[in-house]
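Architecture at a glance
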Amino acid sequence: MSIIPAPISRFFHRTASSPHFYALADKFIPWLTVLFLLLLIPGLYGGLVMAPADYQQGDSYRIIYIHVPAAWMSLFIYVLMAVMGGIALIWHMKLAEVMLISSAPIGAGFTFIALVTGSLWGKPMWGTWWVWDARLTSELILLFLYLGVSSLYGAIEDKRSAARAVSILALVGVVNIPIIHYSVEWWNTLHQGPTVSKMDKPSIHISMLIPLLLMAGAFKVYYAIAVLQTAKLELLKREASAQWVKNLLEKKA
Amino acid sequence: MSLESFLHMGGYAFYVWTSYGITSAVLLWNLFAPIVRRKQLLRQLALKQKRAQR
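Let me sum up the structure you'll find in this document. (Residues numbered from 1 in each chain as written. Chains lettered and ligands numbered in written order. Predicted model: local features only at pLDDT ≥ 70, side-chain atom pairs only at ≥ 80, totals over all residues.)

Regarding the overall build of chain B
Counting its secondary structure elements, chain B contains two helices and zero strands. In summary, chain B has a C-alpha radius of gyration of 22 Å against a globular reference of 10 Å for 54 residues, an excess of more than 25%. Dimensions of chain B along its principal axes, counting C-alpha atoms only, are 65 × 20 × 10 Å. Split into buried and exposed, the 54 residues of chain B put 15% on the buried side. (Helix = DSSP H or I, 4+ residues; strand = E, 2+ residues; numbered from the N terminus. Rg over C-alpha atoms; globule rule 2.2 N^0.38 Å. Buried ≥ 20, exposed ≤ 12 C-beta atoms within 10 Å, placed from the backbone.)

Thoughts on the nonpolar core
With 62 residues, the main nonpolar core has Ile63(A), Ala70(A), Met81(A), Met99(A), Leu100(A) and Tyr223(A) as its most contacted residues. When residues of this core are traced back to their parent elements, those giving at least two are α3 (64-91), α4 (94-126), α5 (134-155), α6 (159-173) and α8 (206-238) of chain A together with α2 (13-53) of chain B. Per-element tally for this core: the top contributor is α8(A), with 16 residues. Look past the residues within four positions of Ala70(A) in its chain and what remains in contact with it is Phe110(A), Ile113(A), Ala114(A), Thr117(A), Phe219(A) and Thr23(B). (Core = buried A, V, L, I, M, F, W, Y, C linked by C-beta atoms within 7 Å. Contact = placed C-beta atoms within 7 Å.)

Focus on the interface of chain A and chain B
Listed as interface residues are 34 residues of chain A and, on the opposing side, 24 residues of chain B. The set of elements that each furnish at least two residues to the side of chain A that touches chain B consists of α3, α4, α8 and α9 (243-252) of chain A. A class-by-class count of the residues in the side of chain A that touches chain B yields 22 nonpolar, six polar and six charged. (Nonpolar A, V, L, I, M, F, W, Y, C, P; charged D, E, K, R; others polar.)

Some details on α4(A)
All names here are of chain A. Its 33 residues give α4 an end-to-end C-alpha distance of 46 Å, which sits within 8% of 48 Å, the value for a rise of 1.5 Å per residue. Where α4 bends most, the angle comes to about 30 degrees, and this point is alanine 104, followed within four residues by the proline proline 105. Of all 33 residues making up α4, 25 are buried, and the element is well covered by its neighbours. Following α4 by one or two positions, glycine 127 adopts a phi angle in the positive range, close to 85 degrees. (Expected span 1.5 Å × (residues − 1). Bend = angle between axes of the 7 residues up to and from the residue.)

Quick word on the packing of α3(A) against α8(A)
Packed helix pairs are characterised by how far apart their axes lie and by the angle those axes make with each other. Residues and elements named next belong to chain A. Viewed as axis vectors pointing N to C, α3 and α8 meet at an angle of 45 degrees, and their least axial separation amounts to 9 Å. Judged by the inter-axis angle, α3 sits oblique to α8. The handedness of the crossing between α3 and α8 comes out as right-handed. Residues Ile64, Tyr65, Ile66, Val68, Pro69, Ala70, Trp72, Met73 and Ile77 of α3 lie in contact with α8, whose contacting residues are Pro211, Leu212, Met215, Ala216, Phe219 and Tyr223. (Axes fitted to C-alpha atoms, helices over the stretch in contact; angles between N-to-C directions. Parallel < 35°, antiparallel > 145°, perpendicular 65-115°, else oblique. Left-handed = near helix turned anticlockwise from the far one by under 90°.)

A few points about the packing of α8(A) against α2(B)
Packing of α8(A) against α2(B) leaves a shortest axis separation of 9 Å and a crossing angle of 25 degrees. With respect to α2(B), the axis of α8(A) lies roughly parallel. Relative to α2(B), the crossing made by α8(A) is left-handed. Contacts between α8(A) and α2(B) involve Tyr222(A), Ile225(A), Ala226(A), Gln229(A), Thr230(A), Lys232(A), Leu233(A), Leu236(A) and Lys237(A) from the first element and Leu27(B), Asn30(B), Leu31(B), Pro34(B), Ile35(B), Arg37(B), Arg38(B) and Leu41(B) from the second.

See below:
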């Protein structure tokens with residue numbers, strides 16, 4: 001493909017080369033960890049201690065500080081995976097394949113968290129752990145998409161063709177994302193409508209909104225750390241016999 | 001606010017703390033599992049390399 005000018009594509013290939021990426025990840029992870037804690041600690045303190053109890057839901061609403069950020073991450077990571085899938089298919093960029101496959105377990109984790117905390121919130125508020133309504137069902141399908149990506153990748157021996165298959169699955173599955181997002185508007189659901197994204201008049205008080213945004217930031221940074229750790233492992237697995245891995249081992253010994 | 005009433009969560013302690021507990025467990029697992037497996041893999045590869053050099 002020659003859509004991209006040669007110097008830019010050369011820059012990308014150098015940055016995306018495995019040893020370069022591996023070293024860069026090591027450099028970034030400590031800083032990201034500091035940033036994560038700087039967001040997480042005030043987020044938790046603000047959400048669990050400072051923010052007042054909800055006038056209708058009492059203290060049960062405090063599940064929102066993990067439920068909503070986890071649900072946002074479950075959508076965000078899937079969209080990222082679809083973008084990586086597109087890049088991997090068009091430019092055969094190895095690093096995009098690695099990032100795609102490394103994102104899948106983390107996205108599955110966030111989707112699982114959104115479903116379980118939603119259930120634990122639904123029981124005291126709606127009186128039921130689960131309903132087959134549009135929002136809950138489409139989020140459950142998202143969990144299966146994440147798990148499908150991981151198991152499809154694991155099932156194909158040749159990792160280049162596995163990555164191609166997984167990229168296509170990630171791209172096809174992305175139709176589920178707007179369905180999840182708009183499900184509360186398109187269908188009558190038990191799940192409430194959006195509270196935060198109505199930016200003209202958010203129906204959430206500022207003392208509740210700030211910890212929510214801090215937790216959302218913390219989860220984003222967590223994803224960055226976790227995906228870099230997973231990508232490092234994935235790179236080592238795929239390139240165990242490459243020269244840069246041998247150099248790495250010698251440096252460690 | 002007392003620690004007791006904080007832990008009590010207005011009667012919703014089970015739902016709130018189970019949510020936070022499961023979330024922590026999943027996030028910690030997804031973060032540390034790849035680190036542990038990478039260390040194992042590096043040990044294996046180092047061993048293999050040592051054997052190959054002999």
